[in-house]
Amino acid sequence: MLTRRPPLRVIIGYLMIPLALYIFAVFIPLMTAAFYSLFEWKGGPNKTFIGVANYVTLIKDKVFWLSFSHNLYLILLCVIGQVGIAFVFVMMINTRSVKLKSIHRTFGFFPSTIAAVYVGFIWTMIYDSRRGVLNWLLALIGRDDLKQVWLNNSDLVMTLVSIPLIWQYIGYYMLILLSATSSIDKEIFESAELDGANAVQRSIHIVLPMIKSTIIVCLVLCVSGNMKVFDNIFVMTSGGPGNDSMVMAMYGYKISFIQQNMGYGSAISVGIFVLGLLVIGAMQLFSNKFSKD
Amino acid sequence: MSEKAYGMTVGKKVGNGFMATILNTIMIVFSLSCIFPLVWMFYSSLKLKREFNANIVGLPPAPTLDNYKQILTNADYHIADSMINSVRTTILSVFLIVMFGFVVGYILARVKFKGNRIIWLMLLMGMLIPVHSLLVPIYIVFNRTGLNNQWYTLLIPYIAFGMPIAVFLIHSYLKGIPIALEEAASIDGSGFTGTLFKIIMPICRPVMVTIAIIQTFACWNEFSFALVLLRDVGLHTVPLAMTQFTGQFSSDYPKIMAAMLITMSPIVIMYFGFSKNIIKGMVAGVVKG
């Protein structure tokens, strides 16, 4: 801290605009949501105070909880798919036998820099039943029987929408983990490559503990990222078929803007807020416990 | 460290070569999959719709720029407009995030005053808040105040959501900078503002670049707030314009691909031009943030 403090009015002058903007965009909406969630309000001039009725509806709302479970399912798949695969790739890329390392970095990181909306479009085209690459591949290997309208498959749709997410961010986590392993003695990786089975053991027993804190950062990012997934789903399925790929943000959007039910939409927003904080809180507890070991 | 030094047998060497091939193959397949969409979209965008539908992965039989010409000359598609909107929104947002982040971060790190801690906690809360819980209420607030659907509308949420991470990066960067520097400047008669912009700002350049890189991608790619806050097609940013466009031409893949490539081009060129620095910046932002 500075020993000679500048005049208070200078500090206030500097802080005023950024903080006013920040409060206006973050805290005012939060309070607004809490307020309107107590009303029956279709977005028009009339609204009716109904107390906590919206929250009672929310607690009983099967679709909302289904959406939440889909978020959790995405978290599970993405923790394994993004961080898990990224870790395996990092172990592979650090061996001496893998060539073209800088190409793998540049290409691998690329998908994470493009908009989720675009990734959604690309994969919608890949999954397309008549013009899609996936069905084309199946035809190529003579499995025409497996061809289908992929994103209409209720059982598979959540997994199918998670694949673009995983694909997009493997490289991202790979680069984060690579930067963490760059300080580890190269010999650990190089001697590990001599024997396949040994390499796996070394990864788990030697490398993993050394980059534990970075792994935790990745897990936190991955969990919070998947709590707010929206763009991909909006583009690929809009939550369908039925509600089979509905996630919380998409559901809030649908109720508020498509059904114009702003009062209930506000209650859902508060619900997303609370569940989001709970999940992140649980994550913090987990990581505190994990890093103590 | 040659393999002979380990006294390996021939069998093991073959095993290693085999292992190496597998590892290399997996990594190459992964890397190719990451740029396959770009390549596929590029040569497919040179096809006509019927050529694409006849063979979705083949090279164009007679490459044509028709799709590009149509998209760029037809103002109804709003592709060029959307790019101007995105460029303006991104540049202004990033500039203000970096400046605000710098000033607020510096004050929180170096100046002791009542409220310092509270502002810190407020910003921390902003990082933890699930952004999408604000989607509906921010629409209500902006609608009420008439701030929605303006050219500057998106600057407000983008700056607000980008600021916490910027403040924290500046704050943690300043921890490594000795305070003696500013004290000396102060003794030499430099005022607070002079010290802030003439002495501290040049020192913070690397971390400010990191913030700018992260936020450039975040603002350019942002979709959900643009979706709820903008109504006029003339104000749409790129991701939003693309959802309109794909809705309109849902069966004309080559045209969609051409539009995607045009609107992606600034970010793709930037990425492949400066990938080393961009990756470094993004990773630094995560690890230190």
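Along each chain, numbering runs from 1 in the same order as the chain's sequence is written. Going through the entries in the order they are written, you letter the chains from A and number the ligands from 1. Note on the predicted model: pLDDT of at least 70 is required for a residue's local features to be given, and 80 or more for side-chain atom pairs to be given and counted; whole-chain, interface and lining totals, by contrast, use all residues.

Hey, could you run me through the overall build of chain B in this one?
Here a helix means four or more residues in a row that DSSP labels H or I, a strand means two or more in a row labelled E, and each is numbered from the N terminus. Helices and strands together make up the secondary structure of chain B, namely 14 helices and zero strands. Element order for chain B, N to C, with α for helix and β for strand: α-α-α-α-α-α-α-α-α-α-α-α-α-α. A compact globule built from 289 residues would reach a C-alpha radius of gyration of about 19 Å, whereas chain B, at 25 Å, exceeds it by more than 25%. The 289 residues of chain B split such that 45% are buried. Two residues qualify as being in contact provided that their C-beta atoms, derived from the backbone, are within 7 Å of each other. The long-range fraction of contacts in chain B, counting pairs at least 24 apart against all pairs at least 6 apart in sequence, stands at 76%. Using C-alpha atoms as the atom set, the radius of gyration is obtained and then compared with a globule rule of 2.2 Å times the number of residues to the power 0.38. Residues with at least 20 other C-beta atoms within 10 Å of their own are called buried, those with 12 or fewer are called exposed, and the rest are partly exposed. The C-beta atoms themselves are positioned from the backbone.

Explain the overall build of chain A here, please?
Check the secondary structure of chain A and you find 13 helices and two strands. Reported as C-alpha extents along the three principal axes, the dimensions of chain A are approximately 75 × 70 × 35 Å. Across the 293 residues of chain A, 43% fall into the buried class. Restricting to contacts in chain A with at least 6 residues of sequence separation, those with at least 24 account for 70%.

Any chance you could explain the domain arrangement of chain B here in plain terms?
When the parts of a complex come together, some accessible area is lost, and that lost area is often taken as the interface size. All names here are of chain B. For each domain, the first and last residues come from an automatic or database assignment. On domain assignment, one finds that chain B holds domain 1 (3-64) and domain 2 (70-288). Taking the mean C-alpha position of each, domain 1 and domain 2 sit 35 Å from one another. Facing the eight residues of domain 1 at the interface are seven residues of domain 2. Taken together, the elements giving at least two residues each to the side of domain 1 that touches domain 2 come down to α1 (10-44) and α2 (49-54). Looking at the side of domain 1 that touches domain 2 element by element, the count peaks at three residues for α1. Under the convention adopted here, Pro, Cys and the residues Ala, Val, Leu, Ile, Met, Phe, Trp and Tyr are nonpolar, Asp, Glu, Lys and Arg are charged, and Gly plus all remaining residues are polar. Across the side of domain 1 that touches domain 2, the residue classes break down as four nonpolar, two polar and two charged.

What is the right way to look at unusual backbone geometry in this model?
Negative phi characterises most residues that are not glycine, and trans characterises most peptide bonds. Residue and element names in this part refer to chain A. With an omega dihedral of 0°, the bond running from Gly240 to Pro241 counts as a cis peptide bond. Residues other than glycine seldom take positive phi values, yet Leu100 does so here, at roughly 55°. Examined against the element boundaries, Leu100 turns out to sit in the loop between α3 (62-93) and α4 (101-109). Residue Leu100 is classed as partly exposed on the basis of its C-beta count, with 14 C-beta atoms lying within 10 Å. Its identity is not glycine, yet Gln260 carries a phi of approximately 60°, on the positive side. Following the sequence through the fold, Gln260 ends up in the loop between α12 (248-258) and α13 (262-292).

Sorry, what's going on with the interface of chain B and chain A here?
Each partner contributes residues to the interface: chain B has 70 residues there, and chain A has 82 residues. If one sorts the elements of the side of chain B that touches chain A by residue count, α1 of chain B sits on top with twelve residues. Counted by class, the side of chain B that touches chain A contains 53 nonpolar, 13 polar and four charged residues.

Sorry, what's going on with the packing of helix α7 (residues 155-175) of chain B against helix α10 (residues 205-221) of chain B here?
Helix-helix packing is described using two parameters, namely the angle between the two axes and the distance between the axes. All names here are of chain B. A fitted line through C-alpha atoms serves as each axis, taken over the contacting stretch for helices, and the angle formed by two N-to-C directions is quoted from 0 to 180°. It is the contact of α7 with α10, at a shortest axis distance of 10 Å, that shows an interaxial angle of 155°. Taken together, α7 and α10 sit at an angle that is classed as roughly antiparallel. Judged by the sense of rotation from one axis to the other, the crossing of α7 with α10 is right-handed. Of the residues in α10, those touching α7 at Tyr158, Gly162, Ala166, Leu169, Ile170 and Tyr173 are Val207, Thr210, Ile211, Gln215, Ala218 and Cys219. Of the residues that constitute the contact of α7 with α10, the class distribution is nine nonpolar, three polar and no charged. Oblique is the label for every angle not falling under 35 degrees (roughly parallel), over 145 degrees (roughly antiparallel), or within 65 to 115 degrees (roughly perpendicular). Left-handed is the label given to a crossing in which the near helix is rotated counterclockwise from the far helix by less than a right angle, and right-handed is the label when the rotation is clockwise.

Mind showing me how you'd approach the environment of Val270 of chain A here?
All names here are of chain A. As for its position among the elements, Val270 is in helix α13. Taking the C-alpha atoms as reference points, Val270 and Met31, separated by 239 residues in sequence, lie 9.6 Å from one another. Ignoring anything within four residues of it in the chain, the contact list for Val270 reads Ala33, Ala34 and Ser37.

Where do I start with the environment of Val161 of chain A in this structure?
All names here are of chain A. Here Val161 shows up in helix α7 (residues 157-181). Counting along the chain gives ten residues from Val161 to Leu151, while the straight-line C-alpha distance between them is 8.2 Å. Val161 has contacts with Asn232, Ile233, Met236, Thr237 and Ser245, leaving out every residue within four places of it along the chain.

What is the right way to look at the nonpolar core in this model?
Note on soluble globular proteins: their nonpolar side chains tend to be buried together. To form a nonpolar core, buried Ala, Val, Leu, Ile, Met, Phe, Trp, Tyr and Cys residues must be joined through C-beta atoms within 7 Å. Core analysis: the largest hydrophobic core is formed by 167 residues, its most contacted members being Tyr173 and Leu177 of chain A together with Ile170 of chain B. Summarising the domain contributions, this core has at least three residues from each of domain 1 (3-64) and domain 2 (70-288) of chain B. Beyond its immediate chain neighbours, meaning those up to four positions away, Tyr173 of chain A contacts Gln82, Val83, Ala86 and Cys218 of chain A.

How do you make sense of the confidence of the model for chain B when you look at a structure like this?
Reading predicted coordinates in detail is not appropriate for stretches of low pLDDT. Residues and elements named next belong to chain B. Note on scores: pLDDT gives the predictor's confidence for each residue, bounded by 0 and 100. On average, residues of chain B carry a pLDDT of 88, and 94% of them reach 70 or more. A low-confidence stretch, residues 1-13 (pLDDT under 50), is modelled with five contacts involving residues beyond four sequence positions or located in other chains. Taken together, the chains of this predicted complex give a pTM of 0.90 and an interface ipTM of 0.90.

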